[in-house]
Amino acid sequence: MADILLVLFTGFLTGMTTILFGFGGGFVVVPFVYHVVSASGNHADQAMHVAVATSAAVMILNASYASVTQWRSGNILRETITPLIFYIGAGAVIGAFAAMQLADSAIRGLFILYMMAAIADCLLRKGFLTKPAKTALSKTTVWVGGPLIGVIAAMLGVGGSVMTVPLLRRQGYDMKHCVSAANPLSIPVAVVATVLYSYLGMGKVSGPHYVGYVNLLILGLLLVAGIAGIVFAKRVLPCVDDRLHARIYVLLLVVVLIAICL
């Protein structure tokens, strides 16, 4: 019973971070599922693969629901989505295939390095904590940065929000527009990664709750609680000042880094 309550609490928190920070669930789900699977003793050597795959599956519904919610609120700007979303989707295919070739420990190590780089980028480079003047995305950023975001996001099960949010922020967009765009930009990554992890993971782990690397039991509980978290955040939590929003975003990244390291 305690385990179920913990999963539901994590799902609720995942929903809140989806609507507030555009995470889609990845940065909360990956450390959580990793620790749950590792502690269970079942498939401990595949815990990171299971965490990444389950995270991707969670993001499909969470990011889709949050995208509709943000679109109705008028927070999604078309120029922040297209054409970047197509290049991210293409990169996601490469990232998911690449993850299948990596050891579990290697994916965990890359996740930690990725988080450290993201935090350092937000804190040390100008243009995130304080919004600059608005500029358009360059073709190089779209053609090169888009596929790179897709590769890393699918490989680590994080949806790409920790790259897309700072990217759009440095183009001069408010945080509410950055995190709103992160949700639809995460959908192609989530779909591609879920399909490939489910198919390519067949036979890698066993049990009635698994389809490939995706843990269906944890997935179901996280989705139910996640939707509740999205609704709660949208209806109850107050709007946050733009600069404070950026600082809380970085703080949450630090918390996630500590969680996966411990």
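Calculation rules
The numbering scheme is per chain: residues are counted from 1 as the chain's sequence reads. Owing to the predicted nature of the model, reporting of local features is limited to residues with pLDDT of at least 70; listing and counting of side-chain atom pairs is limited to 80 or more, with chain, interface and lining totals taken over all residues. Based on all heavy atoms of the structure, the side-chain values leave hydrogens and waters out of the count. Patch membership requires more than 30% relative accessible area and the absence of a salt bridge. Residues of like charge join within 9 Å; the nonpolar side chains Val, Leu, Ile, Met, Phe, Trp and Tyr join within 5 Å. Accessible areas in this description were obtained via Shrake-Rupley with a 1.4 Å probe; residue shielding takes into account the shown protein chains only. Salt bridge, as applied in this entry: a Lys or Arg side-chain nitrogen positioned within 4 Å of an Asp or Glu carboxyl oxygen. Put simply, DSSP marks the helices as runs of H or I at least four residues long and the strands as runs of E at least two long, and each gets a number from the N terminus on. For every residue, the accessible area (1.4 Å probe, protein chains only) is compared with the maximum for its type, and the residue is labelled buried under 20%, exposed over 50%, or partly exposed between those bounds. UniProt positions are given in the numbering used here, feature names are shortened, and annotations may be inferred rather than shown by experiment. Only the stretch in contact is used when a helix axis is fitted, and all axes are lines through C-alpha atoms; the angle between N-to-C directions ranges over 0 to 180 degrees. Roughly parallel means an angle under 35 degrees; roughly antiparallel means over 145; roughly perpendicular covers 65 to 115; every other angle is labelled oblique. Two helices that cross are described as forming a left-handed crossing if the nearer one is turned anticlockwise from the farther one by less than a right angle, and a right-handed crossing if clockwise. In this description, contact between two residues means that some pair of their heavy atoms is separated by no more than 4.5 Å. In this classification, Asp, Glu, Lys and Arg are treated as charged, Ala, Val, Leu, Ile, Met, Phe, Trp, Tyr, Cys and Pro as nonpolar, and every other residue, Gly included, as polar. How far a helix is expected to stretch is found by multiplying one less than its residue total by 1.5 Å.

Further remarks concern a nonpolar patch on the surface. On the surface, Leu251, Val254, Val255, Ile258 and Leu262 cluster together into a nonpolar patch covering about 490 Å² of accessible area. Within the secondary structure, Val255 is located in helix α10 (residues 242-261). On the accessibility criterion, Val255 (46% relative accessible area) is partly exposed.

Here the focus is the UniProt feature "transmembrane region" (unreviewed entry) in the protein. Mapped onto this numbering, the UniProt entry gives "transmembrane region" (unreviewed entry) at residues 6-34, 46-65, 85-103, 110-128, 148-168, 180-200, 212-232 and 244-260. In this annotation, residues 85-103 is assigned 84% helix and 0% strand; the end-to-end C-alpha distance for the span is 29 Å. With 100% helix and 0% strand, the stretch residues 244-260 has end C-alpha atoms that lie 25 Å from each other.

When two helices pack together, their arrangement is given by the angle between the helix axes and the distance between those axes. Packing of helix α4 (residues 84-100) against helix α8 (residues 175-200) brings their axes to within 8 Å, and their N-to-C directions diverge by 25°. On the basis of the axis angle, α4 is roughly parallel to α8. The crossing of α4 and α8 is right-handed. Here α4 contributes Leu84, Ile85, Ile88, Gly89, Ala92, Val93, Ala96, Phe97, Ala99 and Met100 to the contact with α8, which in turn contributes Pro184, Leu185, Pro188, Val189, Val192, Ala193, Leu196, Tyr197 and Leu200. Of the residues belonging to the contact of α4 with α8, the class tally is 18 nonpolar, one polar and no charged.

The terminal C-alpha atoms of α4 lie 25 Å apart, and with 17 residues this matches the ideal 24 Å at 1.5 Å per residue to within 8%. Among the residues making up α4, those that are buried are Leu84, Ile85, Ile88, Gly89, Gly91, Ala92, Gly95, Ala96, Ala99 and Met100. Close packing links the buried residues of α4 with α3 (47-72), α5 (104-124), α6 (139-156), α7 (161-169) and α8.

Residue Pro83 follows Thr82 across a cis peptide bond; omega there is 5°. Mapped onto the fold, Pro83 is located in the loop between α3 and α4.

This model, assessed by the stated rule, comprises four salt bridges. A salt bridge links Arg125 to Asp121; the nearest nitrogen and oxygen atoms lie 2.9 Å apart. Shared partners join several salt bridges into a network, and the residues in it are Asp121, Arg125 and Arg170.

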